[in-house]
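A look at the structure
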Amino acid sequence: MSAKTINIEDILNLPLDTKEQKKALMEQASCVREGRLKVYNLDNDNVKKLLELLREKLNRSVVGSMAACVHCGMCAEVCHYSLARPHDPTMVPAYKGEQIRRIFKRHFDWTGRIFPWWVHATSPQNDEDLNRLKNIVFGTCTACRRCTLNCPMGVDTAILVRLTRGLLTELGIVPEGVFVVSKDQWETGNQMGVSTEEYLETLEWMSEEVAEELGDPNFKIPIDKPDCDFMYTINPREVKYDPRSIGQAAKIFYLAGESWTMPSFGWDMTNFGLFSGDDKLGAFVAKNLYEAAKKLRVKRIVISECGHGYRSTRWEGYNWAKYQQDIPSESVLVTLIRYISEGRIKVDSSRNSLPVTYHDSCNLARSGDITEEPRWILQRVCKDFREMYPNRADNFCCTGGGGALSMVEYKALRMEVAKIKAEQLKATGAKIVCTSCHNCVDGLTDLIKYYKLDMQVAQIIELVANALVFPEKKVS
Amino acid sequence: MSEFLKILENEVQIIALAFMGTVYFIRLFWMFRFKASNEFTPPVGNPRLGIAYSMMNVAMPWAMESVRRNWSFYLQFVIFHIGVVAAISATFIIPYWPQIFEIEWVVSLFQILLAAAFVVGIIRLIRRISKPALRIISTPDDYFSLILLTAFFASGIFAVPNKYEISEWPLIIFFAMTTFFLIYVPFSKISHYLYYPFTRYFLGKVMGHRGVFPRKRGGEKPAGLKN
């Protein structure tokens, strides 16, 4: 399996593109006007600002990861960038973490302050250095945390990368895609800029489709219905590109006799703050969702299939928003397990007869412990489920994680390093790679196309919906 | 034993040790000045179990793919660090319990451990110099610390017989290096063992809270499986 080897300097020297930022300024986007989303300002002392922000953001666990790296290089053995480009030392996770660690050492560590050359402590000199830093932390790492779990010292390089991204986001030194998606999520509450009308229309459309399929003309996806058992939250990609998944979920909930609803606002469980490192955006998005659940007095929040969405909504969002969790939340996979195990829905595995393998999303497996749930379901809804190796928390990233899909300028590198994932997929001999993450669906689809693999991508809900056995209609 | 060696083995070591302890204390104080992160969610897993698992990680080579794929590196790690423990122990045994090194097999055991650690030190140095992936992340401190420790192991081999009546030089070199170490270590990468419990604690706490730690096995392909 071969891919075009790119020259890494072409990536690291990509200039800062600010067309979208200028457009947002011209359009007077409220998040930009109000200073919630920063744009790049050439006249600012951006280096000084970065150092001030770094001082503000440091906490004990970050400082631990800054101080503890022994440069053993074990992380190079597990990172898909490093494995796919063994000739390129800049792909080593420790090198990526070192970019912020050097700045930390220069300004916060004794040895680095007194003898900087001894520990390679440096400070960025100008905006060009910051731009190169941007290209490293956004372009050469998907923050998948594979290196974190494999670091003997427990250094969380992914957290250092996220921290650095967050600092650069505050300076507007970000890839165009990151700026655009952040703006959309600030402006509309969802990261694909889906308007409320578009969202409600899609739900209406899906209601009609499901009603027809179920033969129940009265079926409607409940919107803003209070006091339900749960509020279902989704990824805007479902509205924009894959509304079938909303219909499939609705069908399953209907057959399970569920009391559920979707909110008209606060429905986006994805959170670009996780990728951009912007805790303020993270808090804003998460709080919208938590407040919607509170307003509707639901008993729990159910999170549709999405790796980073699950991690953000289930865990990080509460911390970013400093919001004490008062309503339980769960992945839709847990909901599906409940339905199947309680006999509320019946499934027939012969309906999914093609060989299926499962791709663990990094955020679900390595940061959320959702590893056995998908397997439990797949073993019941598929005839031929086969493992991919390595798997669970050892799985390789789909290569589209960390917001990589929104940063088109790094796509060539992403496709090159996807070789590792492509080989892993091919070795399974499966015809369907199933995942529980919309981001992974796109990442995997890209690499399947690029490496010409004979495979399709599916989500678990799709396979469950496919395996559903409809109850016999009572003849009166 | 000369007065010089006596002072070097005792008073100088105690002063250097006190210096290292003080700097470590300040280091910890410095670290705890940074804010702690708070969790706003109830735990799914057991944070204490997660912390324990994370701390014990060093003794579970099977827990990390990076080590599973590279057993020799783990073996080197074990030998190297046993060498460190042996060398540090020797700095206390020689002045305070010299009778231990009157037992021949104990001396031989220490010499074997230190010699093995010395060889690993050389291997590590070659690895650090020859691998571009390591060269790019290595600092002068990395090279110096490794060379220093490797030389320390070598000096230990000659010091542990504790035959000052034959020649004091092996002991003078060993204890001079120890003094330098005690002063230098808090400012170098060698102080990583001070941070180890903290980084593992922070990671273990978060991962234990979410149920990721203790980790489930299942990553590797079972032997004989075709797909």
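Quick look at the structure, then. Numbers given for residues are sequential positions, taken from 1 along each chain in its written order. A letter from A marks each chain and a number from 1 marks each ligand, given out in the order of writing. The model is predicted, so local features are restricted to residues of pLDDT at least 70 and side-chain atom pairs to those at 80 or more, both for listing and for counting; the totals for chains, interfaces and linings are taken over all residues.

So, the overall build of chain B
Of the regular secondary structure elements, chain B holds nine helices and zero strands. From first element to last, N terminus to C terminus, chain B shows the α and β order α-α-α-α-α-α-α-α-α. Summarising its shape, the C-alpha atoms of chain B cover approximately 65 × 50 × 35 Å along the three principal directions. Once local pairs closer than 6 in sequence are excluded, the contacts in chain B between residues at least 24 apart make up 80%. Strands here are runs of E lasting at least two residues and helices are runs of H or I lasting at least four, both read from the DSSP assignment and numbered beginning at the N terminus. What counts as a contact is two residues whose backbone-derived C-beta atoms lie within 7 Å of each other.

Re the nonpolar core
We define a nonpolar core as a collection of buried residues of the types Ala, Val, Leu, Ile, Met, Phe, Trp, Tyr and Cys that are connected via C-beta atoms lying within 7 Å of each other. Here exposure depends only on C-beta density: within 10 Å of a residue's C-beta, 20 or more other C-beta atoms make it buried, 12 or fewer make it exposed, and intermediate numbers make it partly exposed, the C-beta atoms being placed from the backbone. C75, M231, L378 and V464 of chain A are the most contacted members of the largest nonpolar core, which has 159 residues in total. With nine residues, helix α17 (residues 279-295) of chain A is the largest single contributor of residues to this core. If you look at the next biggest cluster of nonpolar residues, it comprises 26 residues, including L8, A87, F153 and M177 of chain B.

Points about the interface of chain A and chain B
Taken together, the contact between chain A and chain B spans 56 residues of the former and 50 residues of the latter. Going through the elements one at a time, α5 (60-68), α7 (93-108), α8 (110-114), α18 (307-321), α20 (362-368) and α23 (419-428) of chain A are the ones with two or more residues in the side of chain A that touches chain B. Top element by residues in the side of chain A that touches chain B is α5 of chain A. It accounts for seven residues. Following the grouping adopted for this structure description, the nonpolar residues are Ala, Val, Leu, Ile, Met, Phe, Trp, Tyr, Cys and Pro, the charged ones are Asp, Glu, Lys and Arg, and the polar ones are all others, Gly among them. Class assignment of the residues belonging to the side of chain A that touches chain B gives a composition of 25 nonpolar, 21 polar and 10 charged.

Quick notes on helix α9 (residues 127-139) of chain A
Here a helix's expected span is defined as the number of its residues, less one, multiplied by 1.5 Å. Compared with the 18 Å implied by 1.5 Å per residue over 13 residues, the 17 Å span of α9 of chain A between its first and last C-alpha is a close match. Along α9 of chain A, the positions that sit buried rather than exposed are D127, L130, L133, K134, N135, I136, V137 and F138 of chain A.

Looking at the sheet that holds strand β3 (residues 300-303) of chain A
Residues and elements named next belong to chain A. In this analysis, strands are considered paired if DSSP registers two or more bridges between them. Strand order in the open sheet formed by four strands is β2-β1-β3-β4, with parallel pairing between adjacent strands. Two strands lie at the open edges of the sheet, namely β2 (260-261) and β4 (329-331), each paired on one side alone. Bridge analysis of strand β1 (residues 230-233) against β3 gives four bridges, and the strand direction is parallel. Bridged to M231 within β3 is I301.

Here's the deal with helix α12 (residues 176-188) of chain A
Residue and element names in this part refer to chain A. With 13 residues, α12 should reach 18 Å at 1.5 Å per residue; the first-to-last C-alpha distance of 18 Å fits that figure. Within α12, the full set of buried residues consists of G177, V178, F179, V181, S182, K183, Q185 and W186. Of the surrounding elements, those touching the buried residues of α12 are α2 (19-26), α3 (30-33), α9, α16 (273-276) and α17. Downstream of α12 by one or two residues, G189 has phi in the positive range, about 85°.

Worth remembering: the numbers are spatial, not functional.
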